[in-house]
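# Chain and residue survey
One-letter residues, chain by chain:
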Amino acid sequence: MKESEDIHYPQPQDLLLSIPFTLLLIIIRYLFERFIARPLGRKLGLRDKVRLNAPPNPVLETFYATHSKDPKEGELISLSKQCDLPTRKVERWFRYRRNQDKPSLITKFCEVSWRFTFYFISFFTGLAVLYDKSWFWDHRKCWVGYPQQPLLPSVFWYYMLELSFYSSLVCVLPFDVKRKDLSQQIVHHAATIFLICFSYCANYLRIGTLVMVIHDASDCILEPAKIFNYMKWRRICDGLFIIFSAIFFITRLLIFPYKVLYNTYYYSMELYQPFFGYYFMNALLMILQLLHVFWSCLIIHMVYRFILCGTVERDLRSDTEESDMAEEEREQMKEKEKNGTMHFSNITNNNCIRNSGVQQLNGSAHLSNSHAKDR
């Protein structure tokens, strides 16, 4: 694999170029969210819910930071004794405190807008790069001439774009919106970075480009669906969700296993003997496929709820904000119910008293009338 002026092959040191590009993407994202996405969200009418701040309380704050953000009933009783507060107020304090840590709606909008912008650019960049390539239409061409497959400039920059983006996601993951599938996201990002790096070093560029463009196909539909969900445009959100579900199932559960997994696992063995790269590459691809199955189960559950309810519910991976106002209304309703019960009992008692009083008056009147008759 000797290089010349016209022929270049992937070199591991080339991947170091992704480090400055990763930092550059982080800076671009910050500027995009601050000066484009946030003003756009305001103009579109996105407004954050009014949140009630938890009053300062060192005991509860220490417990919140060191032990648990959602204490159990026994812990609530113990904390209420330490703070000399009713249990209800302690429970309300933790609810307010949890809501303070949750990201605002405009923050979610900015993050999703950035992801949509990148996935849109990345997907159509991948199509432009691969449209005239033979292995994009015939997956068996991925192995023609392997490993002596020259590195094309367009493929190199496409690799740098994807690697820099996923590296930037890992860098800002502690600051992004936390979702319930955080551990799966970490596994996905790690597997993707290892897959991109190893496929580049092992000159699996043709397989790597197929994997990247297949993943971007559904992601560039998911993000705008989230945007319209935040904007409360239900019909557009529902339509995009159906399109996303169809594309996800087709690309991740049909095309990916057939075009990629079958190609690397079976067809490559018809041409070459297995080596370390064969096992490592397929192990990373299988990890991605297991994540696809996991997310497919969540999507199927959402589709099932969509068929029953007629609209897309919230993202199952997202934590819902505990509504302060709704909780206050529920408490007021409970108090009204209690007051209503007491009022009803008071009315009943008053009626009983009135009835007994009337009966006593009638009895006394009857006695006076009888005495009058006797007289």
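Residues numbered from 1 in each chain as written. Predicted model: local features only at pLDDT ≥ 70, side-chain atom pairs only at ≥ 80, totals over all residues. Heavy atoms only, no water.

## Things to note about the overall build of the chain
We apply this condition: In DSSP terms, a helix is any run of H or I states spanning at least four residues, a strand is any run of E spanning at least two, and both are numbered starting from the N terminus. When a residue's accessible area, from a 1.4 Å probe over protein chains only, is under 20% of the maximum for its type it is buried; when over 50% it is exposed; and in between it is partly exposed. For this analysis, residues touch if any pair of their heavy atoms sits within 4.5 Å. For accessible areas, the Shrake-Rupley method is used with a probe of radius 1.4 Å. Any residue's cover is judged against the shown protein chains and nothing else.
Check the secondary structure of the chain and you find 12 helices and 0 strands. When the helices and strands of the chain are read in sequence order from the N terminus, they spell out α-α-α-α-α-α-α-α-α-α-α-α. Per-residue burial over the chain gives 42% buried out of 375 residues. Contacts in the chain between residues far apart in sequence, at least 24 positions, make up 81% of those at least 6 positions apart. Per element, the accessible surface of the chain, about 21,800 Å² overall, is 64% carbon and sulfur.

## Focus on the environment of isoleucine 106
With respect to the helices, strands and loops of the structure, isoleucine 106 is situated in helix H5 (residues 105-130). For the pair isoleucine 106 and proline 39, spaced 67 residues apart in sequence, the C-alpha to C-alpha distance is 9.6 Å.

## Concerning a nonpolar patch on the surface
For the record, the criterion: Each patch groups residues whose relative accessible area exceeds 30% and which form no salt bridge, using 9 Å between like charges and 5 Å between nonpolar side chains of Val, Leu, Ile, Met, Phe, Trp and Tyr. Salt bridges are defined as contacts in which a side-chain nitrogen from Lys or Arg sits within 4 Å of a carboxyl oxygen from Asp or Glu.
Residues Ile27, Tyr30, Leu31, Phe35 and Ile36 make up a contiguous nonpolar surface patch of about 530 Å² in total accessible area. Owing to a relative accessible area of 45%, isoleucine 36 belongs among the partly exposed residues under this scheme.

## Observations concerning the packing of aromatic side chains
The relative placement of two aromatic rings is captured by the distance of their centres and the angle of their planes. The test is simple: Each Phe, Tyr or Trp ring, with Trp reduced to its six-membered ring, pairs with another whose centre is within 6.5 Å; inter-plane angles below 30 degrees give stacked pairs, above 60 give edge-to-face pairs, and intermediate values give tilted ones.
Taken as a whole and assessed by the stated rule, the structure comprises 33 aromatic pairs. Taking 5.8 Å as the distance between ring centres and 55° as the angle between the ring planes, the aromatic pair formed by phenylalanine 32 and tryptophan 114 counts as tilted. Of this pair, phenylalanine 32 sits in helix H1 (residues 18-43) while tryptophan 114 sits in helix H5, and the two are 82 residues apart along the sequence. When the ring of phenylalanine 244 is compared with that of phenylalanine 248, the centres are 5.7 Å apart and the planes differ by 50°; the resulting orientation is tilted. Placement of the pair is phenylalanine 244 and phenylalanine 248 together in helix H10 (residues 234-265), with a separation of 4 residues, close to one helical turn. Its relative accessible area of 4% is what places phenylalanine 248 among the buried residues. Members of the aromatic cluster, connected to one another through ring pairs, are Tyr258, Tyr262, Tyr265, Tyr266, Tyr278 and Tyr279.

## A look at the environment of valine 260
Mapped onto the elements, valine 260 comes out in helix H10. In this structure valine 260 touches Ile207, Leu210, Val211, Ile214, Ile255 and Leu285, once residues within four positions along its chain are discounted.

## What to know about the packing of helix H7 (residues 153-172) against helix H8 (residues 182-201)
Applied cut-off: Structural elements are reduced to axes, namely lines fitted to C-alpha atoms, with helices fitted over the stretch in contact, and the angle between N-to-C directions of any two is expressed from 0 to 180 degrees. Should an angle lie under 35 degrees it is considered roughly parallel, over 145 roughly antiparallel, and from 65 to 115 roughly perpendicular; all remaining angles are considered oblique. Definitions for this section: a left-handed crossing has its near helix turned counterclockwise from the far helix by less than a right angle. A right-handed crossing has that turn clockwise. Ten residues, namely Ala, Val, Leu, Ile, Met, Phe, Trp, Tyr, Cys and Pro, are considered nonpolar, four, namely Asp, Glu, Lys and Arg, are considered charged, and the remaining ones, Gly among them, are considered polar.
Between H7 and H8, whose axes approach to 10 Å, the crossing angle comes to 150°. The angle between H7 and H8 places the two elements in the roughly antiparallel class. Crossing of H7 against H8: the hand is left-handed. Of the residues in H8, those touching H7 at Phe156, Tyr159, Glu162, Leu163, Tyr166, Ser167, Leu169 and Val170 are His188, His189, Thr192, Ile193, Ile196, Cys197, Ser199 and Tyr200. For the contact of H7 with H8, a count of residues per class yields 10 nonpolar, 5 polar and 1 charged.

## Here we look at the nonpolar core
Here is the rule: Buried residues of nine kinds, namely Ala, Val, Leu, Ile, Met, Phe, Trp, Tyr and Cys, make up a nonpolar core once their side-chain atoms join them within 4.5 Å.
In this structure, Phe165, Val211, Phe256, Val260 and Leu285 are the most contacted members of the largest nonpolar core, which totals 67 residues. Looking at this core, the elements that each hand over two or more residues are H1, H5, helix H6 (134-137), H7, H8, helix H9 (205-230), H10 and helix H11 (276-309). Within the second largest apolar cluster, 11 residues are counted, among which are Ala54, Phe63, Phe94 and Tyr96.

## A closer look at H9
Applicable threshold: In this analysis, the expected span of each helix is defined as 1.5 Å times one less than the number of residues it contains.
Between the first and last C-alpha of H9 there are 38 Å, a value that for 26 residues agrees with the 38 Å anticipated at 1.5 Å per step. In terms of burial, H9 is a largely internal element, 25 of the 26 residues being buried. The positive-phi residue at the C-terminal boundary of H9 is lysine 232, with phi of around 65°.

## Focus on the pattern of salt bridges
Under the defined criterion, the tally for this structure stands at 11 salt bridges. For the salt bridge of arginine 97 with glutamate 61, the shortest nitrogen-to-oxygen distance reads 3.0 Å. Taken together, the positions of arginine 97 in helix H4 (residues 87-101) and glutamate 61 in helix H2 (residues 58-66) put the pair 36 residues apart, joining distant regions of the chain. The residue glutamate 223 makes a salt bridge to lysine 226 at a minimum N-O spacing of 4.0 Å.

## Focus on the packing of H10 against H11
At a minimum axis distance of 10 Å, the contact between H10 and H11 shows a crossing angle of 155°. The angle between H10 and H11 falls in the class roughly antiparallel. As H10 packs across H11, the resulting crossing turns out to be left-handed. When its residues are assigned to classes, the contact of H10 with H11 shows 21 nonpolar, 6 polar and 2 charged.

## Quick notes on the environment of aspartate 238
Relative to the elements of secondary structure, aspartate 238 occurs in helix H10. Taking the C-alpha atoms as reference, aspartate 238 lies 8.8 Å from glycine 310; in sequence the two are 72 residues apart.

## What about a positive patch on the surface?
Here is the rule: Only four residue types enter the charge count: Lys and Arg as positive, Asp and Glu as negative, with His and the chain ends excluded. In plain terms, the charge of a residue is placed at NZ if it is Lys, CZ if Arg, CG if Asp and CD if Glu.
On the surface, Arg34, Arg38, Arg42 and Arg47 cluster together into a patch of positive charge. Summarising the element assignment, arginine 38 is placed in helix H1.

## Some thoughts on H7
With 20 residues, H7 ought to run about 28 Å at 1.5 Å a step, and its terminal C-alpha atoms sit 29 Å apart, in line with that. In terms of residue burial, H7 counts as a mostly covered element, since 14 of its 20 residues are buried.

## A word on unusual backbone geometry
Of note, the bond from tyrosine 146 into proline 147 is cis; its omega dihedral lies within 30 degrees of zero at 5°. Although it is not a glycine, asparagine 203 sits at a positive phi angle of roughly 60°. Take asparagine 203: it is sitting in the loop between H8 and H9. When its relative accessible area of 4% is taken as the criterion, asparagine 203 is described as buried. Phi is positive for lysine 232, close to 65°, though the residue is something other than glycine. For lysine 232, the position within the fold is in the loop between H9 and H10.

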